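Working through the structure, step by step
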Amino acid sequence: MGRLIVVSNRVATPTETKGSAGGLAVGVFGALKDAGGVWFGWSGDVVSETVANAGPVLEQEGSVTFATVGLTRKDYDQYYRGFSNATLWPVFHYRNDLARYERDEYAGYRRVNAWLAHKLTKLIEPDDVIWVHDYHLIPFAEALRAEGVTNPIGFFLHIPFPAPQILLNIPPHEELVKSLCCYDLIGFQTRNDQVAFHDYLVRHARGEVTDTGEGEGAVASAFGRTLHTGVYRIGVFPDEIAEQAKRYESRQHVLDLKQSLEGRKLIMSVDRLDYSKGLVERFRAFEQLLERAPEWRGNVTLVQIAPPTRSDVDTYQQIRQELEGEAGRINGRFSALDYTPIRYLNQRYDRWKLMSLFRESQIGFVTPLHDGMNLVAKEYVAAQNPDDPGVLVLSIFAGAAAELSGALLVNPHDAIGMSEALQQALAMPLAERKARYETNMTALRKNDLGVWRDSFLRDLRSLKREA
Ligand code: ADQ
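What you are looking at is a predicted structure, and each value in this text was computed from that prediction instead of being measured. In this convention, every chain numbers its residues from 1, walking through the sequence in written order. Side-chain atom pairs in this predicted model are given and counted only at pLDDT of 80 or more, local residue features only at pLDDT of at least 70, and totals for whole chains, interfaces and linings cover all residues. Only hydrogens and water are set aside; all other atoms, that is, all heavy atoms of the structure, feed into the side-chain values.

Salt bridge, as used here: a side-chain nitrogen of Lys or Arg that lies within 4 Å of a carboxyl oxygen of Asp or Glu. One pass over the structure, following the stated rule, counts 34 salt bridges. The partner of Arg-225 in a salt bridge is Asp-184, and the shortest N-O contact between them spans 3.4 Å. With Arg-225 in strand E10 (residues 225-231) and Asp-184 in the loop between helix H7 (173-180) and strand E7 (185-188), this pair connects stretches of sequence that are 41 residues apart. The pair Arg-225 / Asp-184 is uniform in exposure class, with both members buried. For the salt bridge of Arg-272 with Asp-274, the shortest nitrogen-to-oxygen distance reads 3.4 Å. Per-residue accessibility, obtained with a 1.4 Å probe over protein chains only, is compared with the maximum for each type, and a residue is labelled buried under 20%, exposed over 50%, and partly exposed between these values. Relative accessible area serves as the criterion here: at 25%, Arg-272 is assigned to the partly exposed category. Ionic contacts of the salt-bridge type, sharing partners, join the residues Arg-284, Glu-287, Glu-291, Glu-322, Glu-326, Arg-329 and Arg-333 into one network. Numbering of helices and strands runs from the N terminus, with a helix taken as a DSSP run of H or I at least four residues long and a strand as a DSSP run of E at least two residues long.

The following block contains the structure:
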């Protein structure tokens, strides 16, 4: 078996790959350790041109090499902050209203992809397979091919693939999809995403798509290329999370929270502070609960943990302000001297702390407006106490909704509907909570993080590159 080369915008540090609960970094690192290989990408640092060009910096961890490069300010602005996060991210999450398009940013995006591909080429050996992750790196395979690389190259899209009519909003949509077609295998989070991609090929690129007859695999031809597509639902390691949540349930942070709740019910939400996560709509739904079900006033608390991300992108500053305004308004309306309905925390927490807090809460409230999968929903379920599980209230627009049929599914645009689901969850009898939890856990075990990783790599390794 040849080595594995993983390429992602950010490379986990060797320490991050040693977390004990199976984060994505741990899952991907597991595959690298098995096959040996390289994890290549941006270090997260903005550096001078001289330092950037001197890279990659190599760090060895057993049979795995971590190879990272810094980005210059201009590259960061155009490739990362610009086209990736101010054009692709909003449009792929159906927020054309928040997207901007600048030609020079798109040129920078392609330039950085070509530069990164050039840097990686020297590290590639003939039998390696290459696994590229996410929307920052759509033109990466095309750039590798231009360098003469002939190894199999797979791509996994962590975010939704939008319906064609939405994608058309990005002026160079055709060039982007043509670049995607240079991969040998493209993996999507859900069947909907895969179908949206096929629709684009058939309706806008005179392409053809045939099911392979194996699972959800398909072969597509477009732009003179033939490639495979498939659905690979990303997961977690549920039993490890369960064990971790239980192990830390009596730690001080959990006891402090419990004491401060004074017997009130707890609703937990954890997200990056991102407009795709539906935070404002969620706060308003919680307000509806307090308005429409006065018996819950003073008796239920929403803890929202949301560390800021991409805070140098304008739209992220706006969502932060809006959310602070809404939390303040709702708290002003329903607080008492000894009660604050929404506790809104702008910080990161260690994984083990989050898992033990999930176990303490009666409801996991996960309501993105669009989300490729949403691992928080899966982590919440896995962290529950099987003898007294909480209820997951989940948006129909999270990829995870297709698997977690034990959740109460809600439409995040329907504040009253969401408040009704919260009421139903708060009053749900133990037997029903247990049954729903078992249904969800069965789904999590069937498609855990190892299945996601191994099935993608098995399919990629089985492909012979089509010329
Ligand atoms: P994200 O948009 O980041 O991921 P998600 O899948 O929920 O969304 O993953 C977030 C991860 O960060 C979870 O493991 C969560 O525990 C952790 N996290 C969130 N808030 C935290 C906090 N305050 N402190 C510490 N950790 C925190 C993208 C896509 C998703 C897709 C994933 C994986 O947008 O749709 O599910 O990739 O493919």
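Here the narrative resumes, following the displayed structure.
What follows covers the sheet that holds strand E9 (residues 218-222). Ordered in space as E3-E4-E2-E1-E5-E6-E7-E10-E9-E8, the 10 strands form an open sheet in which the pairing is mixed. Two strands bound the open sheet, and with one partner strand each, they are strand E3 (57-61) and strand E8 (208-211). The average undirected angle you get between the axes of adjacent strands in this sheet is 20°. In this description, strands pair whenever DSSP reports at least two bridges between them. Note on geometry: axes are C-alpha line fits, over the in-contact stretch for helices, and angles between N-to-C directions span 0 to 180 degrees.

This paragraph deals with the pairing of E9. Covered by surrounding structure in E9 are Ala-218, Ala-220 and Ala-222 only, the residues Val-219 and Ser-221 on the alternate face being uncovered. In terms of strand pairing, E8 meets E9 through 4 bridges, oriented antiparallel. Residue pairing in the sheet places Thr-210 in a bridge with Val-219 of E9. The turn joining E8 and E9, which pair antiparallel and follow one another in sequence, is formed by 6 residues; a positive phi near 85° is taken by Gly-213. The pairing of E9 with E10 spans 5 bridges and is classified as antiparallel. By the bridge assignment for E10, Ala-218 is matched with Thr-229. Hairpin connection between E9 and E10: a loop of 2 residues separates the two successive antiparallel strands, and Phe-223 in this loop has a positive phi of roughly 50°.

This next bit is on the site of the ligand. Of all residues adjacent to the ligand, which total 22 residues, the nearest are His-158, Tyr-349, Asp-371, Leu-375 and Glu-379. Whenever two N or O atoms come within 3.5 Å, that pair is a polar contact, provided that in protein one can donate a hydrogen and the other can accept it, and provided that, for residues adjacent in sequence, both atoms are side-chain atoms. Contact between the ligand and Gln-347: a nitrogen atom at 3.2 Å from a main-chain N or O atom of the residue. Taking Asp-371, its side chain carries an N or O atom lying 2.5 Å from an oxygen atom of the ligand. Secondary-structure elements contributing two or more residues to the shell around the ligand are helix H13 (351-360) and helix H14 (375-382). The element best represented in the shell around the ligand is H14, accounting for 3 residues. In this classification, Asp, Glu, Lys and Arg are treated as charged, Ala, Val, Leu, Ile, Met, Phe, Trp, Tyr, Cys and Pro as nonpolar, and every other residue, Gly included, as polar. In terms of residue class, the shell around the ligand is made up of 10 nonpolar, 5 polar and 7 charged. Counting the residues that make up the shell around the ligand, at least three belong to each of domain 1 (4-235 + 449-461) and domain 2 (238-445). Definition of nearness: a residue and a molecule or strand are near each other if at least one heavy atom of the residue lies within 4 Å of the molecule or strand. All domain edges in this entry derive from an automatic or database-based domain assignment.

Another point: the domain arrangement of the chain. Taken domain by domain, the chain consists of domain 1 (4-235 + 449-461) and domain 2 (238-445). A C-alpha centroid distance of 30 Å is found between domain 1 and domain 2. The interface of domain 1 with domain 2 comprises 23 residues on the first partner and 22 residues on the second. Joining domain 1 to domain 2, the criterion identifies 7 residue pairs in polar contact (both at pLDDT 80 or more). The contact criterion used throughout is that any non-hydrogen atoms of two residues lie within 4.5 Å.

Turning our attention to the packing of H13 against H14. Two elements in contact, H13 and H14, have axes separated by 8 Å at closest approach and are oriented at 65°. Considering the relative orientation of H13 and H14, their crossing is right-handed. Side by side, H13 and H14 meet where Arg-351, Met-355 and Phe-358 of the first sit next to Val-376, Glu-379 and Tyr-380 of the second. Partitioning the contact of H13 with H14 into residue classes produces 4 nonpolar, no polar and 2 charged. Each crossing gets its handedness from the near helix: less than a right angle anticlockwise from the far helix is left-handed, clockwise is right-handed.

Right, let's get into the packing of aromatic side chains. Each aromatic ring pair is specified by the distance between its two centres and by the angle formed by the two planes. Planes of paired rings set the category: under 30 degrees apart is stacked, over 60 is edge-to-face and the rest tilted, where pairs are Phe, Tyr or Trp rings (Trp by its six-membered ring) whose centres lie within 6.5 Å. Taken as a whole, this structure holds 26 aromatic pairs when the rule is applied. Their ring planes at 55° and their centres at 4.7 Å tell us that Phe-83 and Tyr-109 sit as a pair that is tilted. Of this pair, Phe-83 sits in helix H3 (residues 73-92) while Tyr-109 sits in helix H4 (residues 103-121), placing them 26 residues apart in sequence. Relative accessible area serves as the criterion here: at 0%, Tyr-109 is assigned to the buried category. Pairing Tyr-101 with Tyr-106 gives two aromatic rings, centres 6.4 Å apart and planes at 50°, and the pair type is tilted. For Tyr-101, a relative accessible area of 28% puts it in the partly exposed group. Owing to a relative accessible area of 6%, Tyr-106 belongs among the buried residues under this scheme.

Moving on, we come to the sheet that holds strand E13 (residues 342-345). Reading across the sheet, the 6 strands line up as E13-E12-E11-E14-E15-E16 and stay open at both edges, with parallel pairing between neighbours. The open sheet has two free edges, formed respectively by E13 and strand E16 (408-410), since each of these has just one partner strand. Across the sheet, the axes of successive neighbouring strands diverge by a mean angle of 20°, strand direction being ignored. Pairing analysis gives 4 bridges linking strand E12 (residues 300-305) to E13, with the strands arranged parallel. Within E13, the residue paired with Leu-302 across the bridge is Ile-342. Along the sheet face, H14 touches strand E11 (265-270), strand E14 (363-366) and strand E15 (391-395) and points at about 170° away from the line of E15.

Among the secondary structure elements, Asp-274 is positioned in the loop between E11 and helix H11 (279-292). Separated by 2.7 Å, the side chains of Asp-274 and Tyr-316 make a polar contact. The contact partners of Asp-274, leaving out residues within four places of it in the chain, are Trp-89, Leu-279, Arg-310 and Tyr-316.

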